[in-house]
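# A structural walkthrough
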Amino acid sequence: MKDTVLAYELQQVSFAYHPQQQILDNINLRITAGSWVTLVGANGSGKSTLAKLLGGLLAANAGKIYVEGTEMNQESITHLRPRIGMVFQNPDNQFIGATVEEDIAFGLEGRCLPRDEMVERVKRYADKLEIGHLLSKHPAELSGGQKQRVAVAATLAMEPGIVIFDEASSMLDEKARGELQLIMREMSESGGYTIISITHDAEEILASDRAIVLKDGGVAADVSPLELFRNQELLSSCRLIAPFRVRLIQELSSRGIELDPGQDIEEVSEQLCRYISSK
Amino acid sequence: MSVHFEQVSFAYDDRSLWRHGALADVSLSITPGSFVGIAGITGSGKSTLLQHLNGILKPTAGRVKVLDFTIGAGDKGPLRELRRRVGLVFQFPEQQLFEDTVEKDLCFGPLNFGVPLEEAKDRASRALEMLGLDDSFLPRNPFHLSGGQMRKVAIASILTMEPDIIALDEPTATLDPQSRAELLQLLSRLQREEGKTVIVVTHRIEEMLPYAESWIVMKDGTPIFQGTPAELVREERHLSEAGLALPECIRLWNQLAIKLGLEQEEPCLSAEAIAERVAALYEHEVHPPTWGGGAGDAG
Amino acid sequence: MRDKLLFGRCIDTGSPIHRLDPRAKITGMILYLIAIIAVGSWPMLLVTVVFSIVYMLATRIPLKYFVKAAKPLWVLMVFIFVVQSLTVESGEVVLQIGGWALYAGGLKSGFIAAARMALLVSFTAILTFTTTPGLLNQGLDGVLKPLQKIGIKTQRLTLMMSIALRFIPTILDETHKILKAQAARGADIKELPWKEKGKLLLSLLVPVTVSAFRRAEELVLSMESRGYIVGAPRSEYHLLTWQTKDTWFVLSYVLLVAVVLTYRFI
């Protein structure tokens, strides 16, 4: 059988802004292409720094980072960068263009794409993210959720294989947050993207394949999201709270009722009703 | 009533270009000493509403009564005393800190209101304590604190004015889940133990459900719902109508209520309460406890 | 506050002026500036006013927006008027108080100077009202291109300008928000005496600067992650095509300048 393709391989990666204060210490990681990995941890655990290293925005002080088999360094970064897209936290501060279409086109202009192709991609990705009707809008006329969709469209238009979401949903309202998660789910299901997300959001973590817990600059745990939410100690170390669905399952379990957390609360509700009427 | 809006309307004076979040014919009441949640999406007018509480914005029509003050259209009366008694915490308050020590920032408000320096310092240390920070923070530079700590200091800087009402605009935004829960517990303590009226604007209904005693749901500048948490759960359509996400616990409870005939019961919303209720239902026969008890639909 | 932020905002009415090549508009504005400087008499002021109003109407944007654009500068205009009126001593004496006299010539040149200022500010608003910032940028890039030959990095210049245009409204908004927060803590800038006003504004520098730096830092990261390299070749999303109407547009300004200059020097 063929080896699984790796999106990332980190070998003994360390990083520090000042030599006396190590932010990341000896990180070893392998991330399979097409998977969805969440990085969790308390403030100061190094997760944001790790995201910047993965995105090629910072260079490691020690160790090696391989992106799709190529080692990241000064020379290779220019070629690797188009493979890696990043969506950041503040919708306002990543809106570079003066209008939606200019913002989506910004990265494409830098790739020197011919105009026809830019126009086609801007339209295709704007439609994909349902912002096709907003192309001529100024950021001041858009909601936070819409701006974040623009950021995602601008990132996907570059056609990267890896997309890093750095707390991309944390400034959005509940509804927009749900919508962004849906986009991420679709991206993941399409199989075309490796997704790395940094988040506090329980639902977003639950939707991913794997949670990497960072603590004091090191990997404290590498578990499935459900394992993370069932481990109180891990949860408090990254200041998380399990989603309602998982807490409910646990409360029920402690009362002798065993249910499956399923995909959403509706599945839980059905199981519960069946359980009660089974008597 | 500590807050009373009578047919309040408000429009930002730029007439056409960027009109947003204005209020249209708002009438509502808030009981003194209660914990109130105001829910609504961006642009529903919830932040505009909040800024009417201390006269930062004044109604273009109608009247706002807060404590013993009345603000009508065009009123220009003295607002200082009102502003001392109604503490308003804007979104991302940590971005509004400006002094070089926590203590100076905390004293800024009281000194503006003529409180002597010694007393202001006393209040600073008390306010910090209320938010779970100790005196060691006083001499520190607020810009060197963590995000959650800065947020607490910024809220404490409002508490030092010793307001009767404290109103906050999305105080938990961007904090991690445990910090969010801690902050809401602190606010709830201020309400229960210090007798403050606490008003919180939010679009995260779920995290406030354990604390809020009453809810106002805003849509397009008008309240479309005012009532108790139980009423909010029973009339969940108002939340969807306002464009808000329905919390999982409300969805679950209502589905169980319909299928098992629990509509008249006081809703169970925490994971523990629901589990307890389900276990009880399984143990005993399904019998709705308050059938015809006269509670009915209070909405 | 938001009202004053007309600066740098495009108001899309789809008029013929909106569809002109931004390079034509920028060239037109430069020519207009020359004409305005040369205006020195009543007939020419009238010609320029008529010329300006015709173009303002052609944008289909209500005239009041142009008036609003000049509004923030009224103090400066009054100042220019007063200084000119008091210093120019020609023509008849209109008013005499003790040893001090006000001359008709002074009044005239004061009025014309203030009117020129008002015209300049409100008329150049045509450029920002009818051109999206992106196009404006690209137009500026086109107009500045000849400077590249003498070694000036015009791409940096236009990038800086576009980011400034993009963030000035955001930063003003933020300042406004902090002022409101200060008011809530008992320091209402509207009610404070002048000296205290100054102190309060000074105190805003800390949070506003901190936030501007944070925004800049995040924007740079975002640009970098989208592959931006300063000075690297880029293709252009908007295609600028110079049409005959653009030539006519520029020629109308050349005519204005010619008329004003001829009247002045002949």
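How each quantity is defined
- Residues numbered from 1 in each chain as written.
- Chains lettered and ligands numbered in written order.
- Predicted model: local features only at pLDDT ≥ 70, side-chain atom pairs only at ≥ 80, totals over all residues.
- Heavy atoms only, no water.
- UniProt positions renumbered as here; feature names shortened; annotations may be inferred.
- Helix = DSSP H or I, 4+ residues; strand = E, 2+ residues; numbered from the N terminus.
- Rg over C-alpha atoms; globule rule 2.2 N^0.38 Å.
- Contact = heavy atoms within 4.5 Å.
- Areas by Shrake-Rupley, 256 points an atom, 1.4 Å probe, with all protein chains shown as cover.
- Lys, Arg positive; Asp, Glu negative; His and termini not counted.
- Charge placed at Lys NZ, Arg CZ, Asp CG, Glu CD.
- Buried < 20%, exposed > 50% of the residue type's maximum accessible area, 1.4 Å probe, protein only.
- Salt bridge = Lys/Arg side-chain N within 4 Å of Asp/Glu carboxyl O.
- Buried area = accessible area lost by both parts, 1.4 Å probe.
- Nonpolar A, V, L, I, M, F, W, Y, C, P; charged D, E, K, R; others polar.
- Domains from an automatic or database assignment.
- Pairing = 2+ DSSP bridges.
- Axes fitted to C-alpha atoms, helices over the stretch in contact; angles between N-to-C directions.
- Disulfide = S-S within 2.5 Å.
- Parallel < 35°, antiparallel > 145°, perpendicular 65-115°, else oblique.
- Left-handed = near helix turned anticlockwise from the far one by under 90°.
- Core = buried A, V, L, I, M, F, W, Y, C linked by side-chain atoms within 4.5 Å.
- Patch = residues over 30% accessible without salt bridge, like charges linked within 9 Å, V, L, I, M, F, W, Y side chains within 5 Å.
- Phe/Tyr/Trp six-rings, centres within 6.5 Å; stacked < 30°, edge-to-face > 60°.
- Lys NZ or Arg CZ within 6 Å of the ring centre and 35° of its normal.

Looking at an unreviewed UniProt entry, chain C carries the name Energy-coupling factor transporter transmembrane protein EcfT, with the source organism given as Paenibacillus aceti. Recorded under Subcellular location (unreviewed entry), the UniProt text for chain C is reproduced unchanged: "Membrane".

As recorded in an unreviewed UniProt entry, chain B goes by Energy-coupling factor transporter ATP-binding protein EcfA2 and comes from Paenibacillus aceti. Note on chain B: under the UniProt heading Sequence similarities (unreviewed entry), the record states "Belongs to the ABC transporter superfamily. Energy-coupling factor EcfA family."

### Observations concerning the overall build of chain B
Looking only at helices and strands, chain B features 11 helices and 10 strands. Rg of the C-alpha trace for chain B: 21 Å, near the compact-globule value of 19 Å for 299 residues, within the 12% margin. Across its three principal directions, the C-alpha atoms of chain B cover 65 × 45 × 35 Å. Considering only contacts within chain B whose residues lie at least 6 apart along the sequence, 63% involve residues at least 24 apart. Carbon and sulfur atoms make up 49% of the accessible area of chain B, which amounts to about 12000 Å² in all. Looking at charge distribution, chain B has the averaged site of its 29 positive side-chain charges lying 6 Å from that of its 43 negative ones.

### Focus: the overall build of chain C
Within chain C, the secondary structure is distributed over 9 helices and 2 strands. The order of helices and strands in chain C, counted from the N terminus, is α-α-α-α-β-β-α-α-α-α-α. Counting every position in chain C, which comprises 266 residues, the buried fraction comes to 44%. Within chain C, counting contacts between residues at least 6 apart in sequence, those at least 24 apart form 75% of the total. Both charge centroids of chain C, one from 30 positive and one from 16 negative side chains, sit 2 Å from each other.

### With respect to the UniProt feature "transmembrane region" (unreviewed entry) in chain C
Residues and elements named next belong to chain C. Per the UniProt annotation, the sites labelled "transmembrane region" (unreviewed entry) are residues 29-57, 69-88, 100-129 and 247-265. The span residues 29-57 is 90% helix and 0% strand, and its two end C-alpha atoms sit 16 Å from each other. In residues 247-265, the share of helix is 100% and the share of strand is 0%. The end C-alpha atoms are 27 Å apart.

### Points about the pattern of salt bridges
Scanning the model with the defined rule gives 42 salt bridges over all chains in all. Arg177(A) is the partner of Glu174(A) in a salt bridge, and the nearest nitrogen-oxygen pair spans 2.9 Å. Remark: Arg177(A) and Glu174(A) occur in helix α6 (residues 174-190); sequence separation between them is 3 residues, near one turn of the helix. Look at Glu174(A) and you get partly exposed, because its relative accessible area is 24%. For Arg177(A), a relative accessible area of 4% gives the class buried. We note a salt bridge from Lys46(B) to Glu170(B), for which the minimum N-O separation is 3.4 Å. Of the two residues, Lys46(B) sits in helix α1 (residues 46-51) while Glu170(B) sits in the loop between β7 (165-169) and α6 (177-194), which places them 124 residues apart along the sequence. You'll find Lys46(B) and Glu170(B) in the same group, each marked buried. One network of salt bridges, in which partners are shared, links Glu117(A), Glu120(A), Arg121(A), Arg124(A) and Glu159(A).

### Observations regarding the interface of chain A and chain C
Facing 37 residues of chain A, the contacting portion of chain C comprises 26 residues. Across the chain A/chain C interface, buried area totals approximately 2900 Å², and carbon plus sulfur atoms make up 56% of it. Remark: the boundary between chain A and chain C carries 2 salt bridges. Across the pair Glu109(A) and Arg234(C) runs a salt bridge, and its minimum N-O distance is 3.1 Å. If you list the elements that add at least two residues to the side of chain A that touches chain C, you get β6 (84-87), α3 (100-110) and α4 (115-128) of chain A. In terms of residue class, the side of chain A that touches chain C is made up of 19 nonpolar, 9 polar and 9 charged.

### Focus on the domain arrangement of chain B
Residue and element names in this part refer to chain B. When its domains are assigned, chain B resolves into domain 1 (32-44 + 79-239) and domain 2 (249-283). Here the C-alpha centroids of domain 1 and domain 2 sit 32 Å apart. On the side of domain 2, 11 residues touch domain 1, which itself brings 7 residues to the contact. Both faces combined, the contact of domain 1 with domain 2 buries some 710 Å², and carbon together with sulfur accounts for 66% of it. Run the count over domain 1 and domain 2 and you get 0 salt bridges. Element by element, the count of residues in the side of domain 1 that touches domain 2 is highest for helix α8 (residues 229-234), at 3 residues.

### Digging into unusual backbone geometry
Positive phi, close to 50 degrees, is recorded for Glu167(A), a residue that is not glycine. Under the relative-accessibility criterion, Glu167(A) is labelled buried at 11%. The phi dihedral of Glu170(B) is positive, around 45 degrees, even though this residue is not glycine.

### Some thoughts on the sheet that holds strand β2 (residues 21-32) of chain A
Residues and elements named next belong to chain A. With antiparallel pairing, 4 strands are arranged side by side in an open sheet as β2-β1-β4-β5. Of all the strands in the sheet, just β2 and β5 (70-71) have a single pairing partner and so form its edges. The pairing of strand β4 (residues 62-67) with β5 spans 2 bridges and is antiparallel. Considered in β5, the bridge of Tyr-66 is made with Glu-71. Packing of helix α1 (residues 47-54) onto the sheet brings it into contact with β1 (6-18), β2 and β4, and relative to β1 it is tilted by some 120 degrees.

### A short note on the state of the cysteines
Throughout the structure, instances matching the rule amount to 0 disulfides over all chains. Residue Cys249(B) stays outside any disulfide, its sulfur separated by 11 Å from that of Cys268(B), the closest cysteine.

### Looking at the packing of α3(A) against α4(A)
All names here are of chain A. α4 packs onto α3 with a crossing angle of 130 degrees between their chain directions and a minimal axis gap of 10 Å. Relative to α4, the element α3 is oriented oblique. Our pair here, α3 against α4, has a crossing hand that is right-handed. Here Glu-101, Ile-104, Ala-105, Leu-108 and Glu-109 of α3 come into contact with α4, specifically with Met-118, Arg-121, Val-122 and Ala-126.

### Some points on the nonpolar core
Judged by nonpolar contacts, the single largest core of 78 residues is most densely connected at Leu248(A), Leu128(B) and Trp215(B). With residues up to four places along the chain from it excluded, the contact list for Trp215(B) reads Gly37(B), Ile38(B), Ala39(B), Thr202(B), Ile205(B), Met208(B), Leu209(B), Phe225(B), Gln226(B), Gly227(B), Pro229(B) and Leu232(B). One finds Tyr32(C), Ala35(C), Phe129(C) and Val257(C) within the second-largest nonpolar core, a separate group that totals 39 residues.

### Section: the pairing of β1(A)
Residue and element names in this part refer to chain A. Of the pairings in the sheet, the one linking β1 to β2 comprises 8 bridges and is antiparallel in character. Within the sheet, the bridge partner assigned to Tyr-8 lies in β2 and is Ile-31. Between β1 and the antiparallel strand that follows it, β2, lie 2 residues. Bridge count between β1 and β4: 5 bridges; the pairing is antiparallel. Pairing of Leu-10 across the sheet is with Ile-65, part of β4.

### Some remarks on a nonpolar patch on the surface
Residues and elements named next belong to chain C. A cluster of nonpolar side chains, contributed by Trp-74, Val-75, Val-78, Val-82, Leu-86, Val-94, Leu-95, Ile-97 and Trp-100, occupies part of the molecular surface with about 840 Å² of accessible area. Only α4 (74-87) and β1 (93-97) provide two or more residues apiece to the nonpolar patch. For the nonpolar patch, the leading source of residues is α4, giving 5 residues. Within the secondary structure, Ile-97 is located in strand β1.

### Observations concerning the packing of aromatic side chains
All names here are of chain C. Applying the stated criterion across every chain yields a total of 15 aromatic pairs over all chains. Seen in terms of ring centroids, Tyr-55 and Tyr-253 are 5.5 Å apart; in terms of plane orientation they differ by 10 degrees. Their pairing is stacked. With Tyr-55 in helix α2 (residues 42-58) and Tyr-253 in helix α9 (residues 244-265), this pair connects stretches of sequence that are 198 residues apart. Aromatic rings pair up to connect Tyr-32, Phe-51, Tyr-55, Phe-123, Phe-249 and Tyr-253 into one cluster. One cation-aromatic arrangement involves Lys-197 over Trp-194; the distance from NZ or CZ to the ring centre is 5.3 Å.

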